[in-house]
Amino acid sequence: MKLYGTGYSPYVRKVLVALAEKGEAAEHIPLFFHDKDPAFQAASPLGKIPAFDDDGFLLADSSAILTYLEAKFPSPALFPSEAKARGRAIWFDKYGDTEMFDIIIKPFANRVVKPKLLGQPGDEAAVAKALTEELPKIYDYLEGQIDGAYLVGDAFSIADISVVTGFHNLHLAGESVDADRWPKLAAYVTRTLARPSFATALAAPTSPQ
């Protein structure tokens, strides 16, 4: 198996965490989106990351890849089997990928990607808006959803992977959840990022060596 995409990407990180949870390994090729590598382009027709190649079976999109991995390596399960729990887990997967991503990535994009990778000035006004106006709404929602060690049921799942993955990028930008204002969320994020699977994923290379 081959996984294409920089370790900076929350979406690539989702797949790396899932692989680690299942005890499976893939050759990680840390390319950036729209890389001209022919094998990557073949696996990702839109040029987005991650892209995946399992002995010629090509697939793009983190949620699609996780669904494939769940079917091929069903243990330990990352998709709940009970109907309501599965529905909620898939909801949180979507929430993390769409509603959260565009906002939680703003500090990282403006403090890391633009100045350090692209040589462009970051937009601190956009960062300030995200931190003071946009992210608090997300934090309020998640604080009200956490009732135990996991977001859904009594087991680690795609819900936890998809929601927490972007918080590492927030940390790389020098920000974190205010534990006084959102104590359950802050503890949940810290606990989840400390899982061995996340530790493995966080150590993944961010660019070609």
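Here is a short report on the structure shown in this document. Along every chain, residues carry numbers that run from 1 in the direction the sequence is written. Predicted model: local features are reported for residues with pLDDT of at least 70 only, side-chain atom pairs are reported and counted for 80 or more only, and whole-chain, interface and lining totals are derived from all residues. The side-chain numbers reported here are obtained from all heavy atoms of the structure, hydrogens and water having been left aside.

When DSSP finds two or more bridges between two strands, those strands count as paired. Segments assigned H or I by DSSP are reported as helices when at least four residues long, segments assigned E as strands when at least two residues long, and all are numbered from the N terminus. Taken together, four strands build an open sheet; the order of strands is β2-β1-β3-β4 and the sheet is mixed. The open sheet has two edge strands, β2 (27-29) and β4 (57-60), and neither has a second partner. For this sheet the average axis-to-axis angle between neighbouring strands, irrespective of direction, equals 15 degrees. With three bridges joining them, strand β1 (residues 2-4) and strand β3 (residues 51-54) adopt antiparallel strand pairing. Residue pairing across strands places Tyr4 opposite Ala51, the latter belonging to β3. Note on geometry: axes are lines fitted to C-alpha atoms, helical ones only across the stretch in contact, with angles between N-to-C directions running from 0 to 180 degrees.

As a further point, take the layout of surface pockets. Space inside and on the surface of the protein is sampled on a 1 Å grid over the protein atoms alone, with a cavity defined as a set of points where a 1.4 Å probe fits but cannot get out and a pocket as an open set with protein on both sides within 12 Å along at least 5 of 7 lines; lining residues have an atom within 4 Å of a point. Grid points are joined across faces, edges and corners, and a volume is the space filled by probe spheres set on the points. Estimates place the volume of the largest pocket at around 800 Å³. Lining of the largest pocket is provided by 27 residues; of these, Ser9, Tyr11, Phe33, Ile49 and Phe101 occupy positions nearest its centre. Contributing elements (two or more residues each) for the lining of the largest pocket: α1 (10-21), α4 (83-104) and α5 (106-117). Per-element accounting of the lining of the largest pocket gives the leading share, five residues, to α5.

A few words now on the packing of aromatic side chains. By convention, a stacked pair of Phe, Tyr or Trp rings (six-membered ring in the case of Trp) has centres within 6.5 Å and planes under 30 degrees apart, an edge-to-face pair has planes over 60 apart, and any other such pair is tilted. Under the counting rule described, the total for this entry stands at ten aromatic pairs. The interplanar angle of 40 degrees and the centroid separation of 5.4 Å between the aromatic rings of Trp91 and Tyr95 together place this pair among those described as tilted. Of this pair, Trp91 and Tyr95 both sit in helix α4, four residues apart, which is roughly one turn of that helix. By relative accessible area, which is 34% here, Trp91 ends up partly exposed. Judged by relative accessible area, Tyr95 falls into the buried class, the value being 8%. A connected cluster of aromatic rings, assembled from ring pairs, spans Trp91, Phe92, Tyr95 and Tyr141. In this arrangement the basic side chain of Arg195 is found over the ring face of Phe156, its NZ or CZ atom lying 3.9 Å from the centre. Relative accessibility thresholds used throughout: buried, under 20% of the residue-type maximum; exposed, over 50%; partly exposed, between the two (1.4 Å probe, protein chains only). Here, a charge over a ring is recorded when the distance from Lys NZ or Arg CZ to the ring centre is within 6 Å and its angle to the ring normal is within 35 degrees.

A helix is expected to span 1.5 Å for every residue after the first. With 22 residues, helix α6 (residues 124-145) should reach 32 Å at 1.5 Å per residue; the first-to-last C-alpha distance of 30 Å fits that figure. To get the bend at any residue, fit one axis to the seven residues that end at it and another to the seven that begin at it, then take the angle between the two axes. Of all the bends found along α6, the most pronounced is centred on Leu135 and spans about 45 degrees, while Pro136, a proline, follows it within four residues. Those residues of α6 that fall on the buried side of the exposure criterion are Val127, Ala130, Glu134, Leu135, Pro136, Ile138, Tyr139, Leu142 and Glu143. Between two residues, a contact is recorded if the distance between any of their heavy atoms is within 4.5 Å. On its buried face, α6 sits against α4, α5, α7 (158-172) and α8 (183-193). Residues adjacent in sequence count toward polar contacts only when both atoms are side-chain atoms; beyond that, a polar contact is any pair of N or O atoms within 3.5 Å, and within protein one must be able to donate a hydrogen and the other to accept it. Sitting at the amino-terminal end of α6 is Asp123, which places a side-chain oxygen 3.0 Å from the backbone nitrogen of Ala125.

Two elements, β3 and β4, share four bridges in a ladder whose sense is antiparallel. Among the inter-strand pairings, Asp54 is bridged to a residue of β4, identified as Phe57. A loop of two residues connects β3 with β4, the two strands running antiparallel in sequence, and Asp55 in this loop sits at a positive phi of about 55 degrees.

Summed over all chains, the structure comprises one cavity of 30 Å³ or more. Estimated volume of the largest cavity: approximately 70 Å³. Around the largest cavity, the lining residues are Pro10, Tyr11, Lys14, Gly96, Asp97, Met100, Phe101, Ile104, Ser162, Val163, Thr165 and Gly166. Those elements that provide at least two residues to the lining of the largest cavity are α1, α4 and α7. Sort the elements by how many residues they give to the lining of the largest cavity and α4 lands first, with five residues. Residue type decides the class: Asp, Glu, Lys and Arg count as charged, Ala, Val, Leu, Ile, Met, Phe, Trp, Tyr, Cys and Pro as nonpolar, and the leftover types, Gly among them, as polar. By residue class, the composition of the lining of the largest cavity is six nonpolar, four polar and two charged.

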